[in-house]
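What follows is each chain in one-letter form.
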Amino acid sequence: MEDPPSANGKTNSYAEFMQAVYRTVDRPVTWFREKVVVSNRPDHVYYHQKFRRVPTIDECYTDDLVCRFEAQQQFNRDKLVDSEIVQLVRQRYKECLISEQPDHTRKCAKLMADFQQVSENFCMKYSDLGPLNNVKDAYMKQKHRMLWERRHGKVGTGMKDQDAL
Amino acid sequence: MAAFSLLRAFASKVNLPKNAINQGILVLRSNPNNALQVVRQMSEHRTMHIKPSRWSWNRFKDFMHFYIMLGAIPAALVITYVNLFIGPARLAEIPEGYVPEAHEYFPHPITRWMAKHINKSYQQEYELMCHHIYEVEYEQKLRKAEHRIKQKMAEKQDTQAYYYQPVTSRNERSIRVNTETDIEMSGTN
């Protein structure tokens with residue numbers, strides 16, 4: 001990578017020399033690539049596939065296996081997308097940490113909170129289901145969580161009386 | 001070519017040491033004192049060179065040549081050509097009202113070619129699976145219904161259908177026809 005332009009116009013002859021050495025190899029190669037290789041390539045494109053939404057597991061009849069299969073496939077695709085989202089948020093947070101190193105607690109606080117929220121939501125939906133992911137298990141997990149929250153308040157605030165409703 | 005066969009016939013009969021080994025005859029050799037001298041051929045200046053077998057080494061070389069000349073080098077050439085002169089595709093928005101084909105969702109040209117000519121698309125496999133599940137589910141439901149019907153019939157005992165075994169005489173008829181033609185053709189003993 002090249003150095004940024006200097007503020008006061010003074011140049012470093014050693015750095016200039018090293019840049020010149022780098023250019024002796026880089027210039028011909030770049031010229032060859034841009035004039036010969038890239039110009040002779042056909043310009044073709046590729047697209048990002050978009051899937052239609054199908055009925056989710058809570059809208060399927062219990063004996064409709066085809067609907068359940070489609071819901072399972074949609075669940076798998078959504079899980080991939082959500083993993084990527086978590087990965088992006090995590091990457092942003094990590095980059096902020098590295099670049100703001102001594103002041104990271106103050107400057108990256110918002111990104112940290114975002115990452116905590118996003119990963120919490122992801123784990124709420126997808127984690128602790130075992131190795132074979134199953135859309136019905138995820139649905140039942142949601143149902144149990146709602147029941148638990150109805151009985152004991154938000155998750156993380158402790159259990160009240162065991163038999164309270 | 002006729003001369004060669006003549007030479008060959010000549011060489012097999014002439015009094016040479018190599019013919020003596022197989023035929024066990026004595027070889028006559030002239031010596032400087034003008035007399036023929038009988039020399040018993042007990043050993044040859046040519047002996048068998050006893051050495052370990054080179055079979056595995058030769059087979060190794062054969063395999064190396066096969067996999068490198070016919071495998072690695074053509075593959076490397078094709079992949080280099082494709083990467084240099086065709087190159088990966090660039091990402092673009094899907095135009096309005098256009099449904100891209102399955103192979104247009106991949107960037108690399110070789111993957112695109114395989115998706116177009118070799119592999120089944122995601123949609124095709126998905127729909128095949130849906131149809132398979134539909135058929136299997138149908139058979140499952142039929143079996144469950146049959147089971148429930150049989151149970152009810154056993155409970156209530158009010159229908160003869162439980163005891164009716166349907167029979168076809170298709171097999172018996174064909175056996176009879178075959179036996180008759182056999183007897184016609186080959187008779188009884």
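Residues numbered from 1 in each chain as written. Chains lettered and ligands numbered in written order. Predicted model: local features only at pLDDT ≥ 70, side-chain atom pairs only at ≥ 80, totals over all residues. Heavy atoms only, no water.

Student: What should I look at first to understand the interface of chain A and chain B in this one?
Tutor: The extent of an interface is frequently quoted as the accessible surface area lost upon association of the parts. The interface of chain A with chain B comprises 20 residues on the first partner and 29 residues on the second. Counting the surface lost from both chain A and chain B, the interface buries some 2,400 Å², and carbon and sulfur atoms represent 62% of this. When residues of chain A are sorted by the area they lose upon contact with chain B, A:His44, A:Tyr46 and A:Tyr47 head the list and together hold 34% of the total. One can count 1 salt bridge joining chain A with chain B. Two residues, B:Arg90 and A:Asp43, come together in a salt bridge whose shortest N-O distance is 3.0 Å. Seen at the junction of chain A and chain B, the total is 13 residue pairs in polar contact (both at pLDDT 80 or more). Those elements that place two or more of their residues in the side of chain A that touches chain B are β1 (45-46) and α2 (65-99) of chain A. For the side of chain A that touches chain B, the element with the highest residue contribution is α2(A), accounting for 6 residues. When grouped by side-chain class, the residues that make up the side of chain A that touches chain B number 9 nonpolar, 5 polar and 6 charged. (Contact = heavy atoms within 4.5 Å. Buried area = accessible area lost by both parts, 1.4 Å probe. Salt bridge = Lys/Arg side-chain N within 4 Å of Asp/Glu carboxyl O. Polar contact = N/O pair within 3.5 Å; in protein donor to acceptor, adjacent residues only side chain to side chain. Helix = DSSP H or I, 4+ residues; strand = E, 2+ residues; numbered from the N terminus. Nonpolar A, V, L, I, M, F, W, Y, C, P; charged D, E, K, R; others polar.)

Student: What should I look at first to understand the nonpolar core in this one?
Tutor: Across soluble globular proteins, nonpolar side chains show a tendency to be buried alongside one another. All names here are of chain A. Core analysis: the largest hydrophobic core is formed by 7 residues, namely Ile57, Ala71, Phe75, Tyr126, Leu129, Val135 and Ala138. Among the elements of the structure, α2 and α5 (135-152) are those that each provide at least two residues to this core. Sequence-distant contacts of Ala138, defined by excluding residues within four places in its chain, comprise Phe75, Lys125 and Leu129. Counting 6 residues, the second-largest nonpolar core is a separate cluster that includes Val89, Tyr93, Cys108 and Phe115. (Core = buried A, V, L, I, M, F, W, Y, C linked by side-chain atoms within 4.5 Å. Buried < 20%, exposed > 50% of the residue type's maximum accessible area, 1.4 Å probe, protein only.)

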